[in-house]
Number of protein chains: 4
Amino acid sequence: MSNSFGNCFRFTIFGQSHAPAIGVTIEGLPSGFEIDMEKLSAFMARRAPGGRYSTPRKEADMPEFIAGLVNGKTCGAPLTAIIRNNDTRSKDYEYMRTVPRPGHADYTAMVKYGPSRDYAGGGQFSGRLTAPLCIAGGIALQLLEKLGVSISARIEAIGGERDEVKMFELIDRVRAEGDSVGGLISCTAAGLPAGLGEPMFGGMENRIAQAVFGIPAVKGVEFGAGFEAANMRGSQCNDPFIMEKGSVITESNNHGGILGGISSGMPIEFRVAIKPTPSIAQTQRSVDMSCGEDTELNIRGRHDPCIVPRAVPCVEAAAAVAIYDAYLENKMLQV
Amino acid sequence: MSNSFGNCFRFTIFGQSHAPAIGVTIEGLPSGFEIDMEKLSAFMARRAPGGRYSTPRKEADMPEFIAGLVNGKTCGAPLTAIIRNNDTRSKDYEYMRTVPRPGHADYTAMVKYGPSRDYAGGGQFSGRLTAPLCIAGGIALQLLEKLGVSISARIEAIGGERDEVKMFELIDRVRAEGDSVGGLISCTAAGLPAGLGEPMFGGMENRIAQAVFGIPAVKGVEFGAGFEAANMRGSQCNDPFIMEKGSVITESNNHGGILGGISSGMPIEFRVAIKPTPSIAQTQRSVDMSCGEDTELNIRGRHDPCIVPRAVPCVEAAAAVAIYDAYLENKMLQV
Amino acid sequence: MSNSFGNCFRFTIFGQSHAPAIGVTIEGLPSGFEIDMEKLSAFMARRAPGGRYSTPRKEADMPEFIAGLVNGKTCGAPLTAIIRNNDTRSKDYEYMRTVPRPGHADYTAMVKYGPSRDYAGGGQFSGRLTAPLCIAGGIALQLLEKLGVSISARIEAIGGERDEVKMFELIDRVRAEGDSVGGLISCTAAGLPAGLGEPMFGGMENRIAQAVFGIPAVKGVEFGAGFEAANMRGSQCNDPFIMEKGSVITESNNHGGILGGISSGMPIEFRVAIKPTPSIAQTQRSVDMSCGEDTELNIRGRHDPCIVPRAVPCVEAAAAVAIYDAYLENKMLQV
Amino acid sequence: MSNSFGNCFRFTIFGQSHAPAIGVTIEGLPSGFEIDMEKLSAFMARRAPGGRYSTPRKEADMPEFIAGLVNGKTCGAPLTAIIRNNDTRSKDYEYMRTVPRPGHADYTAMVKYGPSRDYAGGGQFSGRLTAPLCIAGGIALQLLEKLGVSISARIEAIGGERDEVKMFELIDRVRAEGDSVGGLISCTAAGLPAGLGEPMFGGMENRIAQAVFGIPAVKGVEFGAGFEAANMRGSQCNDPFIMEKGSVITESNNHGGILGGISSGMPIEFRVAIKPTPSIAQTQRSVDMSCGEDTELNIRGRHDPCIVPRAVPCVEAAAAVAIYDAYLENKMLQV
């Protein structure tokens, strides 16, 4: 089902941008695990809006754990956390009921869910739904940390700019132009044991890709050398195995830590392409579904000129849930 | 589980390169569907080896349908097709038992499955396992064709060469050098209705990516503008909606036919990066797992200098199973 | 996973007896379905405590819909409903931390979840968790009603008494004795089309049994003639097919409306055995896990002498979710 | 999907009575497990026909392992075993194309799968499909044996007769009358650790019931005191916990080794009701679907007067796959 992810560490995300609440239910947690709430808050805060480069919408975004937790520890029951939606301005969206925003899910939602769809704030397609993803991911990160696995993502480029200062100048410029801009995020998961992931459809690439495309605006993912591998020779791309301090490593990491879908013990490296935020202040062409005629659209409301910075922890969260799920599945089959 | 794909159109692939057989079992087929065997053979033939640019290993590769088919029509029971493995030369692989091939799953398989793993011919990691994928995909393509959906993939580049003649010159050159080369495959699915796919983890991107990474050697996937979108402004990337002959289309297709994970009715466009075949004739460095020492490896046996041509139908198959599965899931929820 | 049910109409129940809340998230609902809240309340009320024969614990038990609903209609997003736990008395359970109640899940929960388990009020094993089941079931009943399917369960016997008056006299008597009593519930689902359910593990019996055993205290389920069939001859048990008003029916219904796992169009008939409430006022023998010694246990707190009456709507709910899930799965495969 | 079972130890059964083959694919096996083929053959032989009380149809029924096995050991890839169908007499069934056999799935299969269904020999509804179940179950039994778990089922009654001699006299008698008879099978799983199974829908009762109803002709299942519990008082039904040799056991086993869906460490005890074989030699009333008229049916071909003896190993197989699947799932979550 669309809002569920994972076989062993399995969670279901619910809520819409302007519903009473958003949240997540997680199955597959060990009993007795103490969630570090400060660490989780700090992680959630990285995706929260309100920063210089994001929408002014206020979000406390600290989850309320309504089930599965006793004295801060998991009790074996499914864990459910919710975040109430307070500061919502549905009227901002009223006028968009019949005119889909280019680049948004408005049109596809109209077709799929009909007039009953929740269009306010993007409904279930809102970037706000990445908050519950970060709850599940933040917890998976803590579980992985105990296993010696660390995951960290970073902005590699924004609108082609790779220099940090220029990146943020660019964001200010596009904001001034009533425009938006996309970017690249790269992510590294280090400390994984070799052997995680399954061949074919349960490989680490398959799992991470399935999770990462759950983040709105992601349009591409590549592992290791990725698309560059298409230009390489085998003699360049193959990573030689060598012994180092008694363990097997590879001299280079074009394989991105994954061979045959299975972790090699080298860091898992992947890169994600984020498209520009579709909501821009400039006048855009669209159609009025109520009369089936071309029209022009001016989007009001609050919008990030660039969601790349806020997407960084979301990418870490997506990697974490995919990797921890694979860890559990592998554990099950090891004698 | 690793070898299974799909929620509604669900199949499980089994077999290893040198096992008695490989095959697939498919659940979720309608009863009374007549499989066009000639069309399926023609489709399978496109991935079969024996061509100028592929391994000389002979494969009839025509599946034997041992269950689920009565007089050429599906009967409502799961469909199982097998392909016997005949022309196998296990001894070619004997010497690789303890020395993993760089770029291959040999090492990760050793770690995950231990001494009992099937290393002959790459075992379950062999490209040969894409034959059952093409059985499932070939059938899904026929089911989709009845719905007006056509899927076609093509080689976009090999080793950076985009001119067809130069591509094949390059393949001959790398073969002569005992090397291999990767490439780019682009794929288009046209004729889909809008509304297929689910938000978050069940989106068309998630599903197609999960399927496509099931093809060995795929290291990246992008949809529509893909990685290029990271360099764009919203005003460039957003595809304006316009009315054409009474229906809503987009003027451009940077979104690759997918918005919010859901098909927009525009063609689904995606691109896949294929790494160079890891098996090359050149001497490579590796380690001998039996003594934990660095060593050199010379791979004998039969190998494609470039598997990109054979991967083209596999990409179509992966797209077909993902799209047909989404079609069934969507159908279920439409009143 | 343990708290999830269904392939197409899929829901996950969360919460513990004394957690902040209990609830359910449902995927697989059509968009635009208007939930009849009065009907749902009336249905929930049938399982709510407070009646003459049940615990005095007060439960409003009316769910708050925090996601998936817009103006009372489903919007295509997962539906999440929660019920806050107010009137809880954890101290009642303090003393039971180390002494498992006979017939309860206390001991198995200790073993499985360790010291972190939530033992207050039975934690996730509390009968209270049938409230979210009744939310999912109540909605499924409304969806089925639109399809012409009606489901109704009734008390067939309590402690062997089949006369209603005597049943309730018996309940009063066992209450006075500080004891409890079990009973039989039979359920009929009428108006189903023939063809629902799949062979083998997806049959109507398999699905209904899997759902029904989700109700605490259920120890047996039988369909049609059920256990009596073990004493019959084929000539007695086989239900002759006859034509009636142009349609095929069976003269008798020993098959309970299910042949080969698939609905025959005749009413689905099944019977469920409910064990006596394990919490009784009488002194019972148990062990103190803290010292590993035999001990005696006197259970304080509020307890039903007989949960059979409250289990009736739960059985309807279990049947409804199983049948509606099978309906969706079948719809998917019909051309 | 209907022909698949299990979350962790997951298998898919395929084939029809008169298809080229039947078989099973199993995922979730550890790598390096050596299957005891003699033990498996002996187990399969217990359900094979040819015995005094079963159809004369010859079945070697020894599976051919076409994938997943190298030198008799699992290699980590899915295990696929097939059994060729040889001695089949489709013409025996020709005449039944339009006249459904009472008590059989003929009618429901007609409705669900239409004219393309495989009706020969009962198609996918044939008892023959329990052979692949016994392959999966036989392997699960061997895996469980290594864990100290033993599962054994026995005939408790046939047509109400509990004396073994009388049981078989009865079978001879009903055979002479061209009739058939049902019976009761009880099963015990001993040596399980406490803690297997999950609350709600993943409980041991739910899992075993889902598997057991996959055996044709099963119409009821009960655990521990089962239906008798409906007549008991809590003071009788609750099993007192006592210490014995330093471990916790229960004095009686009315709970059938399962509390809250989780194994208690006491033997899991359940009982299954088997209806009489629907195929009998006596003339029966049915309808001719081709003209929609009442008619009479005389079944030719080979049929068991009582399938209870052959169902005994199938019940063990069903219990084994359910218990081993629960074992793996529990293992995954234990720290």
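Every value quoted in this text rests on a predicted model; they were computed, and no experiment measured them. In every chain, residue numbers begin from 1 and rise along the written sequence. Going through the entries in the order they are written, you letter the chains from A and number the ligands from 1. Per-residue local features of the predicted model are confined to residues with pLDDT of at least 70, and side-chain atom pairs are confined, for both listing and counting, to 80 or more; whole-chain, interface and lining totals are unaffected and use all residues. The basis for every side-chain value is the complete set of heavy atoms in the structure, and neither hydrogens nor water enter the calculation.

### What about the interface of chain B and chain A?
Item 1. Of the residues lining the interface, 106 residues belong to chain B; the matching set on chain A comes to 105 residues.
Item 2. As used here, buried area is the combined drop in accessible area, with a 1.4 Å probe, of two parts when they are placed together. When the two sides are added together, the surface that chain B and chain A hide from each other amounts to roughly 7900 Å², 62% of it contributed by carbon and sulfur.
Item 3. A pair is scored as a salt bridge if a Lys or Arg side-chain nitrogen falls within 4 Å of a carboxyl oxygen belonging to Asp or Glu. Inspection of the chain B/chain A interface yields eight salt bridges.
Item 4. B:K112 is the partner of A:E198 in a salt bridge, and the nearest nitrogen-oxygen pair spans 3.4 Å.
Item 5. In this classification, Asp, Glu, Lys and Arg are treated as charged, Ala, Val, Leu, Ile, Met, Phe, Trp, Tyr, Cys and Pro as nonpolar, and every other residue, Gly included, as polar. For the side of chain B that touches chain A, a count of residues per class yields 51 nonpolar, 37 polar and 18 charged.
Item 6. Between any two strands, pairing holds if DSSP finds at least two bridges. Here a helix means four or more residues in a row that DSSP labels H or I, a strand means two or more in a row labelled E, and each is numbered from the N terminus. Pairing of strand β10 (residues 218–223) of chain A with strand β10 (residues 218–223) of chain B involves three bridges; the strand directions are antiparallel. Looking across to β10(B), one finds that A:V221 is bridged to B:V221. Contacts are residue-level and defined by heavy atoms, with any inter-residue pair within 4.5 Å sufficient.

### Comments concerning helix α1 (residues 37–47) of chain D
For an α-helix, 3.6 residues make a turn, and residues three or four places apart therefore share a direction.
All names here are of chain D.
Item 1. Of all the positions in α1, only L40, F43, M44 and R47 are classed as buried. All buried residues of α1 lie within an arc of 100 degrees about the axis, which places them on one face of the element.
Item 2. Of the surrounding elements, those touching the buried residues of α1 are β4 (64–67), β7 (79–84), α4 (130–146) and α8 (308–333).
Item 3. Regarding α1, its N-cap is D36, as a side-chain oxygen of that residue lies 3.1 Å from the backbone nitrogen of E38 further along. Exposed residues in this analysis have more than 50% of their type's maximum accessible area, buried residues have under 20%, and partly exposed residues fall in between, with area computed by a 1.4 Å probe over protein chains only. The arc in question is the one spanned by the directions pointing from the helix axis to the C-beta atoms. Identification of polar contacts relies on pairs of N or O atoms within 3.5 Å, with a donor-acceptor requirement for protein atoms, meaning one able to donate a hydrogen and the other able to accept it, and with residues adjacent in sequence counted only if both atoms are side-chain atoms.

### A word on the packing of aromatic side chains
All names here are of chain B.
Item 1. Classification of ring pairs uses Phe, Tyr and Trp, with its six-membered ring standing for Trp, and accepts pairs whose centres are within 6.5 Å; under 30 degrees between planes counts as stacked, over 60 as edge-to-face, and the remaining range as tilted. Per the stated rule, a full pass over the model turns up 42 aromatic pairs over all chains.
Item 2. Ring centres of F223 and F270 lie 5.7 Å apart, and the angle between their planes is 40 degrees; this geometry places the pair in the tilted category. Of this pair, F223 sits in strand β10 while F270 sits in strand β15 (residues 268–274); the two residues are 47 residues apart in sequence, bridging distant segments of the chain. Side by side, F223 and F270 carry an identical accessibility label, which is buried.

### Some points on the sheet that holds β7(D)
All names here are of chain D.
Item 1. Ordered by their spatial adjacency, five strands build an open sheet running β1-β2-β3-β7-β4, and the pairing between neighbours is antiparallel. The sheet is open, and its two borders are formed by β1 (4–5) and β4, each paired with just one other strand.
Item 2. Judged from the six bridges that link them, strand β2 (residues 10–15) and strand β3 (residues 21–27) form a sheet pairing that is antiparallel. In the strand pairing of β3, R10 is matched with E27.

### Here we look at the relation of the copies chain C and chain B
Item 1. Fitting of the copies onto one another was done by least squares over C-alpha atoms, counting residues only where both copies have pLDDT of at least 70. Least-squares fitting of chain C to chain B yields an RMSD of 0.0 Å, with the superposition described by an axial translation of 0.0 Å and a rotation of 180 degrees. Overall, the copies show the geometry of a two-fold rotation axis. The position closest to the rotation axis in chain C is occupied by the C-alpha of C:M332, lying 2.4 Å away.

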